[in-house]
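# Examining the three-dimensional arrangement
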Amino acid sequence: MSVPLETPLSVWHRSKGAKMTPFAGWDMPVQYEGIVAEHLYTRSSASIFDICHMGEFLIRGHGARQQLEKAVSHRLDNLDPGKCRYGFLLNPQGGILDDLIVYCLEADSYMLVVNAACAAGDFAALKNRLSVPVGIEDVSAKTGKIDLQGPLSVDVLEKLLGADFHALGYFSFRAASFAGEKLLVSRTGYTGELGYELYLPWNKSLALWEELLADERVKPAGLGSRDTLRLEIGLPLYGHELDKDHTPAEAGMDKMLTNPADYVGKEGALRVRQRLIPLSIAGRRSPRAEDPVLLPDGRQIGLITSASFAPSLGHAVSLAWIDAVHATLDSFIVRAAKTELAAQKTDLPFYKGGTARKKLA
């Protein structure tokens, strides 16, 4: 059994009493004060998350745009420098190998941010799909990533860096500096709240983390609350909602497939056999991943992918893969450990009070 990798902040987490757990091959903090407390604090103030385990690739060279847009589902012909876009790396059948964000640094120069558990496979797939003179470099081991999330995050960021970030729009980024080093600040978010991703040299991550915590409005948060926050707004997690056996269309993301290039998996990406649907469950008790979803007559027609008590809502919510023929129904039964739970199909996001897209300028 391999020893989990450590981020530049792992020693700090343990010194502060964080509950740690292996995640995607890394030793990561689940919680400090508690999942619910950290969840609610992020919704009302500003929290920071250690996301240094994520992977980052640089793709550069003459013709990089034309080659990359055939390798991933993202439309790149209208992605300008300073903008980033969410999309997919697909297998030839249209199944999702990973979901990732592409950053356009400048013409024919891109940064891809990928999931930690998928990074090695992503790199191999992309390297196979790209050819000279376009090069790909894995810079994950020298890149730190801290996510600052919450309604007060812009005020915290501006105080820290002494610059105005109100004009930075959603899914945009800009260069800055910290401790004499380059810092890339983007605004995407994975919590439903206003937030920023801070990329900088690996060895400067601890200094930035501690500087952020010097602001009394900021607290650390773990992956436990990050998961409940993303679930409340219905964002997928690779390995739960997304995998190589399901397509973007099945996940309800077919409207994102606007890339005109003939990219790998394009035809299969629209295949639909199941549908990912949101379910609302009365009460605090939630099912678990892979609990069966049933029709009222007891027939199994799907599986839960993610589920939790939603602290912002006061009841449980879940996402589930359902056979497409039954996905238009309104009511289902979830067979949990020792009981059956009534579940109602609803709309996303579950939590509608988020500030992620708030206009600041």
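All values derive from a computational prediction rather than experimental measurement. (Residues numbered from 1 in each chain as written. Predicted model: local features only at pLDDT ≥ 70, side-chain atom pairs only at ≥ 80, totals over all residues. Heavy atoms only, no water.)

Next up on the list: the sheet that holds strand 12 (residues 181–187). With mixed pairing, the 6 strands of this open sheet are ordered in space as 11-12-13-10-4-14. The open sheet terminates on both sides in strands that have one partner only, identified here as strand 11 (172–178) and strand 14 (218–220). Averaged over neighbouring strand pairs, the angle between their axes works out to 25° when direction is ignored. The pairing of strand 10 (residues 143–149) with strand 13 (residues 195–201) spans 7 bridges and is antiparallel. Paired with Lys145 across the strands is Tyr199, a residue of strand 13. Strands in contact with helix 5 (residues 153–161) are strand 4 (46–50), strand 10, strand 11, strand 12, strand 13 and strand 14; relative to strand 13, the strand with the most contacts, it is inclined by about 35°. (Pairing = 2+ DSSP bridges. Helix = DSSP H or I, 4+ residues; strand = E, 2+ residues; numbered from the N terminus. Axes fitted to C-alpha atoms, helices over the stretch in contact; angles between N-to-C directions. Contact = heavy atoms within 4.5 Å.)

Take the sheet that holds strand 8 (residues 109–114) next. On the basis of which strands lie adjacent, the open sheet formed by 5 strands has the order 6-7-8-5-9 and antiparallel pairing. The outermost strands of the open sheet, each flanked by one partner alone, are strand 6 (84–90) and strand 9 (135–138). Within this sheet the neighbouring strands show an average axis-to-axis angle of 30°, counted without direction. The pairing of strand 6 with strand 7 (residues 96–106) spans 7 bridges and is antiparallel. Bridge pairing in strand 7 places Leu89 opposite Asp98.

Right, let's get into the environment of Gly180. Secondary-structure assignment places Gly180 in the loop between strand 11 and strand 12. When the C-alpha positions of Gly180 and Leu237 are compared, they lie 35 Å apart, and in sequence the two are 57 residues distant.

Let us look at unusual backbone geometry. Between Val132 and Pro133 the backbone carries a cis peptide bond, its omega angle lying at 10°. Here Pro133 lies in the loop between helix 4 (119–129) and strand 9. Cis rather than trans, the peptide bond between Leu348 and Pro349 has omega equal to 0°. Although it is not a glycine, Asp108 adopts a positive phi angle of roughly 60°. Mapped onto the elements of the fold, Asp108 is located in the loop between strand 7 and strand 8.

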